[in-house]
Each structure stands twice: as structure tokens, then as C-alpha cells.
Amino acid sequence: MGVLNVTPDSFSDGGNFFAGQKAIERGLAMAAEGADIVDVGGESTRPGAEPVAAEEELRRVIPVIEELRAKIEIPISIDTSKSDVARAAIRAGASIVNDVTGGRGDEGMLPLVAKTNSAFIIMHMQGTPRTMQNQPRYADVVSEIADFFLQQYTRAIGCNIDPMAIAFDPGIGFGKTLDHNLELLAHLEQVRVHERPLVIGVSRKSFLAKLIDSPDRGDRLAPAVALTSLLRTRGADVFRVHDVKENVSALRASEAILRRAG
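Remember, it's a predicted structure, so these values are computed and weren't measured experimentally.

Criteria and thresholds
Residues numbered from 1 in each chain as written. Predicted model: local features only at pLDDT ≥ 70, side-chain atom pairs only at ≥ 80, totals over all residues. Heavy atoms only, no water. Helix = DSSP H or I, 4+ residues; strand = E, 2+ residues; numbered from the N terminus. Buried < 20%, exposed > 50% of the residue type's maximum accessible area, 1.4 Å probe, protein only. Polar contact = N/O pair within 3.5 Å; in protein donor to acceptor, adjacent residues only side chain to side chain. Salt bridge = Lys/Arg side-chain N within 4 Å of Asp/Glu carboxyl O. Patch = residues over 30% accessible without salt bridge, like charges linked within 9 Å, V, L, I, M, F, W, Y side chains within 5 Å. Areas by Shrake-Rupley, 256 points an atom, 1.4 Å probe, with all protein chains shown as cover. Lys, Arg positive; Asp, Glu negative; His and termini not counted. Charge placed at Lys NZ, Arg CZ, Asp CG, Glu CD.

Caption draft 1: Structural context of unusual backbone geometry. Although it is not a glycine, Q135 sits at a positive phi angle of roughly 55°. Take Q135: it is sitting in the loop between β5 (119–123) and α5 (141–158). With a relative accessible area of 60%, Q135 lands in the exposed category. The backbone phi angle of N160 is positive, close to 75°, even though this residue is not glycine. Turning to its location among the elements, N160 is positioned in the loop between α5 and β6 (166–169).

Caption draft 2: Structural context of the environment of S254. Checked against the element boundaries, S254 lands in helix α9 (residues 244–261). Reaching out from S254, the side chain makes a polar contact with the side chain of S229 at a distance of 3.2 Å.

Caption draft 3: Representation of the pattern of salt bridges within the structure. Evaluation of the coordinates by the stated rule reveals 13 salt bridges. In this structure, R240 and D39 form a salt bridge, with 2.8 Å as the shortest nitrogen-oxygen distance. Placement of R240 in the loop between β8 (238–239) and α9 and of D39 in strand β2 (residues 38–41) is noted, with a sequence separation of 201 residues between them. Residue classification places D39 among the buried residues on the basis of a relative accessible area of 0%. With a closest N to O distance of 2.8 Å, E56 and R60 form a salt bridge. In this pair, E56 and R60 both sit in helix α2 (residues 54–71), four residues apart, roughly one turn of the helix. Among the charged side chains, a salt-bridge network with shared partners connects D39, D79 and R240.

Caption draft 4: Geometry of a negative patch on the surface. Negative charge collects at one region of the surface, where D140, E144, D147, D179 and E183 lie side by side. Elements that contribute at least two residues to the negative patch include exactly α5 and α6 (178–186). With respect to the helices and strands, D147 occurs in helix α5.

Below, the structure written as C-alpha cells:
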């Protein structure tokens, strides 16, 4: 899943693809590099980020989704917590809703996903992007997120969302410390619900800098690619990445070995 931030302030590439044409070109490049999904977002969810009005979010993402839908065949995902934005994105050609609130941020989201027969990614986040890294606390981060996933899965099924169209993202870095992130990544299978896919996003995140003790953002690529390969063997199904080419190559190498191992 290639991350396409149509924002001026996302944590790693804010502004790089804010202009519509640049965003479209980047989306096309991701598809050419081997992305299976392009995930388009118009609101930054970096730590400390302020909310964006729905009108502005729509202005940013809809033209990009429409143009990509006309030029690529792979699924397009809309990264939003607003049902109005999701509705317009689906009309424009998106078929997946990737919601950082897991369906809690807008009471209209789950009914919309069900009505449109869209796929739905339920992500966990403690707090909001503005507050989530203010001393996040858990008694047991793995069991609490597993419980949250089961709760939201039950809600989604109750709204008539197809269970086969649901995936889960533990939200690495979204209201978690370094230790929380590592605990989740080490015990992925414990948060899986009803054999549904697990989506993992570690790409360019700040916890990688802490792991390798480097403040240089350019140094985060190697550990991210290493985790892509490792986590594929530990149950991750979908990888949300900025650097598509490098991660696709890593996955192809990993898959070749996994096939031989049976």
C-alpha cells in the first residue's frame, strides 16, 4: 500500500506532493513500482497535527483520486475519518476506507462503508493526532488493542459490513511509545481478529530513529525495509509504505524464501 499524502504538513513528505499534478504523478509511479493499493490522504495525522475541515480535505483528494482511477487499475484507498470525505472519495473511485479512528470518529462511517460495499481498515489510535503522543499509557498494549479490534469488528458486522472486507491496523506510532510499538510488532498474531488481514505501517516513523540512534530521516529507510521482510514472516499481510520500490523488492525476496519453506 503506497502512501500518497496530499498535504502540506505530513511528518515525512509534507508538501512534496501537495500540488495535485505532483500527487497524481507520484500515485502513478507507485503503481508502476509495484504497489497493490494507493492510499490517498488529505489530512496529516502526524503527532501534534491539527484537524482539517472536510471541505479542504475534499479539495485536496478528490481530483487526485479521479485522475488516478482513470489511469490505474489497482484499488485506491481513502485515508480519512470523515464519512463525507469517504463518500465523495468512493464516488470518485476509491474502494477502501482507511480510518485512523477505526470507525469511532464519525458515526456515519460504518453505515457508509456497509451501504457502498467498500473495504474497511480499522486502525487503533489512543487519543487524537494532536494529543496521542502525550504520555500514552496501557496496562497491556497487546490485549487492549486486541479487545478494541474485536469490539470494532462486532460493531462493523452489526452495521452489515462484509466481514471479508475488513482489515486491522494496530496503529504503530499512534498513541504508543517505543516499547508499545515493539511489543505490538513482536506479538502481531495476538491482535488478529477472525483471521482477517493485518495492516502494518512503520515506514519513516520516528521510532525507527530511536532504534538505530540516528536523527537523520534518510536513515529510516533501511530499518523500515528490514521490518517489512521480518514482519511478513510474522503475520503481517499489508504494508503501508512511502518507499514502494524498495519495500516491494524486499517482499519479493522474502516471499521467494517463504514459498520454498512451505
